[in-house]
Structure formats: structure tokens, C-alpha cells
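Structural overview
Take a look at the letters that make up each chain.
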Amino acid sequence: MATALPTALPTAKPQRIPQGLVASGTFHSTDGTTTGAVDVVVTGHLAELVLRDLVSTHERLGVRAPLRDSEGDPCVDSHAFAFTDIVAGTPTDPLIMPLSLGRGDPTFISEIVLTTMTQADGSSHCINLVVARAPLVWTFGPLRPYLDTLVDDGIRGGASGEVVFDATGRPVTYTVAPNDLLPEVAGRFGITVDDVFYLNPARGPSPQDPMLYVDEVLNLNLRER
């Protein structure tokens, strides 16, 4: 029998994101044409992607952050956050990463990719083809560590869906049932609605959508957000 874990407190407050250099990565090219590195630097309420030593034979590149479910996908047409384009090695706009992503915690972004546009001649369904990947190493962990100790308090009105547990007894996913309500689902696990949004930063069509959809699978695992 799994050992009972302490219930997360809805009143627990997130930690603040550190200032300065918070993540770095080195680009590994898939076609041998692109090298360089990227840093994520936080100043005040802004996070900037800083490209370093970028060298590429491509005249135009896109800068994107694939969603977790599309990591490793050679095509990132729709499964990514797009930041800007690079023309002749220079960003067309500042490379700003909105800190609103992930409820103020961008650690769910595991890599930055550079893409090139393919020819729109019908020969490929992919428009933005990945040419280099930079896995990010963050200097800090998730800003809501209390969400690593969730407990399922059981079925209740408005939260009657199925829960999947890991080997330690922690709930890791919740499948939405008919007539479920987001506040009730959050309450079933002792967390807030905002915490649910935080755990599901890539949730579609919008992370902050208050509507639940039957058979939608919500992530409850802090390490898989």
C-alpha cells in the first residue's frame, strides 16, 4: 500500500524567478550547417534569449521553443512557441521570452530550436524544419515545489474522472469526466485552479481556458509540466 503523502496547500505561494542568467544551451545541428549557443537572461519582469557565436549557412532562421509533446519532432509548424526570425545572423526583433508563459515559470521549456522554411511546393507538409537544437539547462527548479506532493482526496461532485498514479502513490494524470468543473478538480487534489494551469502550460486551446473537455488528460506531475 502506498504511503500517504502530505496534501499540497492551496495557500502556498510560488517562489520568485531568479534574476540574471537562468538557463543556457548549445546548439547541435541536424544538418551540420548551424552552430552557436543560447542563454536565457532575466531582468526585472522580462526574459531575453541571447544568441551567442551563431554561425549558419541559412540566410533566414526561426527561433522557437517546441512544446513537450513535440520534442524531437523535425517539424515545428504548430507545436511550438515562436519568438522571432533571424536574417543574416541578426534577430529581426528582440528575442523576448514572455514570463507569462507557464504562469511565470518557463522551466517547462526544455529546448530552443532554430528552424528554416521549406519550399512551399507541395513536396513537404513541413514549413518550419528544425536545423539545430539547444537543450536548456536551468539554474533553478520549478517555482512551485509544493505541487510535487499532491494527494487524491477521492471522487466528488464535479470531479469524478479517472486518476493515474505513479509507483509512489502520487497522482500524475487526471482524465476529465462528464460534468467535471475545474475548481472541483483542483480541489480534489488540494490545489488551486491557477496551479492546474501551471501544471499544464501547453494545454490547448489555451492553458488558462476554464472549460474542461470530456476525456481531456490533465497533467498532475510537476516533473512533466
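Up top is the structure.
Attention in this report is confined to the structure presented alongside it. (Residues numbered from 1 in each chain as written. Predicted model: local features only at pLDDT ≥ 70, side-chain atom pairs only at ≥ 80, totals over all residues. Heavy atoms only, no water.)

1. As for the environment of Asn179
In plain terms, the rule: Put simply, DSSP H or I for four residues or longer makes a helix, DSSP E for two residues or longer makes a strand, and each gets a number counted from the N terminus. Throughout this description, buried means an accessible area under 20% of the type-specific maximum (1.4 Å probe, protein chains only), exposed means over 50%, and partly exposed covers the range between.
Tracing the backbone through its elements, the reader meets Asn179 in the loop between strand S13 (171-175) and helix H1 (182-188). The class for Asn179 is exposed, based on a relative accessible area of 73%. Separated by 158 residues in the primary sequence, Asn179 and Leu21 have C-alpha atoms spaced 45 Å apart.

2. Side note on the packing of aromatic side chains
What counts, and what does not: Two rings from Phe, Tyr or Trp (for Trp, the six-membered ring) form a pair when their centres are within 6.5 Å of each other. A pair whose planes differ by under 30 degrees is stacked, one over 60 is edge-to-face, and the rest are tilted.
Evaluation of the coordinates by the stated rule reveals three aromatic pairs. Ring centres of Phe81 and Phe108 lie 6.0 Å apart, and the angle between their planes is 75°; on these two criteria the pair is classed as edge-to-face. Taken together, the residues span a long stretch of sequence, with Phe81 in strand S6 (residues 80-87) and Phe108 in the loop between strand S8 (96-97) and strand S9 (111-117) at a distance of 27 residues. Residue Phe81 is classed as partly exposed on the basis of its relative accessible area of 21%. Looking at Phe108, the relative accessible area reads 7%, which means it is buried. The interplanar angle of 80° and the centroid separation of 5.8 Å between the aromatic rings of Trp138 and Phe140 together place this pair among those described as edge-to-face.

3. Some points on the sheet that holds strand S11 (residues 137-138)
Put simply, the rule is: Should DSSP find at least two bridges between two strands, the strands are taken to pair.
The five strands are arranged S8-S4-S3-S1-S11 in an open sheet whose pairing can be described as antiparallel. Unpaired on one side and paired on the other, S8 and S11 mark the two borders of the sheet.

4. Overview of the pairing of strand S5 (residues 60-66)
Regular strands have side chains that alternate between both faces of the sheet. The element S5 is extensively covered by neighbouring structure, given that six of its seven residues are classed as buried. Sheet topology note: the S5/S9 ladder contains three bridges and is antiparallel. Along S9, the bridge assignment pairs Gly62 with Thr115.

5. A look at unusual backbone geometry
Phi is positive for Asp53, which is not a glycine, with a value near 55°. Note on placement: Asp53 falls in strand S4 (residues 46-56). One non-glycine residue, Asp215, lies in the positive phi region at around 75°. For Asp215, the location among the structural elements is in the loop between helix H2 (193-199) and strand S14 (217-219). A residue is classified by how much of its surface remains accessible, and Asp215, at 58% relative accessible area, is exposed.

6. A word on the sheet that holds strand S10 (residues 128-135)
Strand order in the open sheet formed by six strands is S2-S10-S9-S5-S6-S7, with antiparallel pairing between adjacent strands. The sheet is open, and its two edges are formed by strand S2 (28-29) and strand S7 (90-91), each paired on a single side.

7. Comments concerning the pattern of salt bridges
Under the convention used in this document: Salt bridge, as used here: a side-chain nitrogen of Lys or Arg that lies within 4 Å of a carboxyl oxygen of Asp or Glu.
Counted according to the given criterion, the structure contains 10 salt bridges. Across the pair Asp194 and Arg103 runs a salt bridge, and its minimum N-O distance is 2.4 Å. Highlighted residues: Asp194 in helix H2 and Arg103 in the loop between S8 and S9, separated in sequence by 91 residues. Accessibility expressed as a relative area gives 33% for Arg103, which makes it partly exposed.

8. Regarding empty space enclosed by the protein
Which entries qualify depends on this criterion: The method works on a 1 Å grid over the protein atoms by themselves. A cavity is a set of points holding a 1.4 Å probe that cannot get out, a pocket is an open set with protein on both sides within 12 Å along at least five of seven lines, and residues with an atom within 4 Å of a point line them. Grid points are joined across faces, edges and corners, and a volume is the space filled by probe spheres set on the points. All residues other than Ala, Val, Leu, Ile, Met, Phe, Trp, Tyr, Cys, Pro, Asp, Glu, Lys and Arg, Gly among them, are scored as polar; the first ten of these are nonpolar and the last four charged.
If you walk through the whole model with that rule in mind, you get one cavity of 30 Å³ or more. The space that makes up the largest cavity amounts to roughly 50 Å³. Taken together, Leu147, Asp148, Thr149, Leu150, Asp166, Arg170, Pro171, Val172, Leu220, Asn221, Leu222 and Arg223 make up the full set of residues lining the largest cavity. Of the residues assigned to the lining of the largest cavity, the class counts are six nonpolar, two polar and four charged.

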